[in-house]
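So the chains spell out like this:
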Amino acid sequence: MPAPTRVVVDVMLKPEILDPQGQAIANALPSLGFSSIASVRQGKRFEVELSGEATEEALEEVRRAASTLLANPVIEDYEVRVEVIQ
């Protein structure tokens, strides 16, 4: 039986969009002893398990889901990639 296929959708704010949560984290890090971290951007990770193989049709379906539900394409970029579950 083949291993299930997981598709990961990483969603991040576009670079030109302000990220107040990331900035708050970056501002707090020095007081916790993390002095070499210059900036932080926060995002979201979605793990989608496919019922079959990661065919181009299945990946296109995940991309459509990402652009309509998982991400807001006006302010966010997303990346779709395949992971094999071990």
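Residues numbered from 1 in each chain as written. Predicted model: local features only at pLDDT ≥ 70, side-chain atom pairs only at ≥ 80, totals over all residues. Heavy atoms only, no water.

Participant: So, a nonpolar patch on the surface: which residues are in play, and what are the values?
Facilitator: Together, Leu32, Phe34 and Ile37 make up a nonpolar patch on the protein surface, roughly 300 Å² of accessible area in all. Mapped onto the elements, Phe34 comes out in the loop between helix H1 (20-28) and strand S2 (43-49). (Patch = residues over 30% accessible without salt bridge, like charges linked within 9 Å, V, L, I, M, F, W, Y side chains within 5 Å. Areas by Shrake-Rupley, 256 points an atom, 1.4 Å probe, with all protein chains shown as cover. Salt bridge = Lys/Arg side-chain N within 4 Å of Asp/Glu carboxyl O. Helix = DSSP H or I, 4+ residues; strand = E, 2+ residues; numbered from the N terminus.)

Participant: Outline the nonpolar core, supporting the account with residue identities and numerical values.
Facilitator: Within the largest apolar cluster, ten residues are counted, these being Val7, Val9, Val11, Leu50, Ala58, Leu59, Val62, Ala66, Leu70 and Ala71. Among the secondary structure elements, those contributing two or more residues to this core are strand S1 (5-13) and helix H2 (56-70). Of the residues forming this core, the biggest block, five residues, is contributed by H2. Once residues lying within four places of it in the same chain are set aside, the contact partners of Ala71 are Val11, Ala66, Glu76 and Tyr78. (Core = buried A, V, L, I, M, F, W, Y, C linked by side-chain atoms within 4.5 Å. Buried < 20%, exposed > 50% of the residue type's maximum accessible area, 1.4 Å probe, protein only. Contact = heavy atoms within 4.5 Å.)

Participant: Could you give an account of the environment of Leu29, with specific residues and numbers?
Facilitator: With respect to the element layout, Leu29 can be found in the loop between H1 and S2. Residue class for Leu29 comes out buried when judged on its relative accessible area of 13%. When the C-alpha positions of Leu29 and Ile75 are compared, they lie 26 Å apart, and in sequence the two are 46 residues distant. Every residue in contact with Leu29, bar those within four places of it in the chain, is listed here: Phe34, Ile37 and Val40.

Participant: Lay out the sheet that holds strand S3 (residues 76-84) with the relevant residues and their values.
Facilitator: The three strands lie next to each other as S2-S1-S3, forming an open sheet whose pairing is antiparallel. Two strands lie at the open edges of the sheet, namely S2 and S3, each paired on one side alone. Direction aside, neighbouring strands of the sheet carry axes that sit 20 degrees apart on average. With seven bridges connecting them, S1 and S2 associate as antiparallel partners. Opposite Val11, over in S2, you have Lys44 as the bridge partner. (Pairing = 2+ DSSP bridges. Axes fitted to C-alpha atoms, helices over the stretch in contact; angles between N-to-C directions.)

Participant: Go over the pattern of salt bridges with me, naming the residues and quoting the values.
Facilitator: According to the stated counting rule, one finds nine salt bridges in the structure shown. Three or more residues joined by partner-sharing salt bridges are found here, namely Arg6, Asp10, Arg45, Glu47, Arg81 and Glu83.

Participant: Describe H2, and please don't skip the residues or the numbers.
Facilitator: Since there are 3.6 residues in each turn of an α-helix, residues three or four apart along the chain are aligned in direction. Buried within H2 we find Ala58, Leu59, Val62, Ala66 and Leu70. Down the axis of H2, the sector holding all buried residues measures 95 degrees, keeping them to one side. Turned more than 90 degrees away from the buried face of H2, the exposed residues are Glu56, Glu57, Glu61 and Thr68. On its buried face, H2 sits against S1, S2 and S3. (Arc of directions from axis to C-beta.)

Structural measurements only, silent on function.
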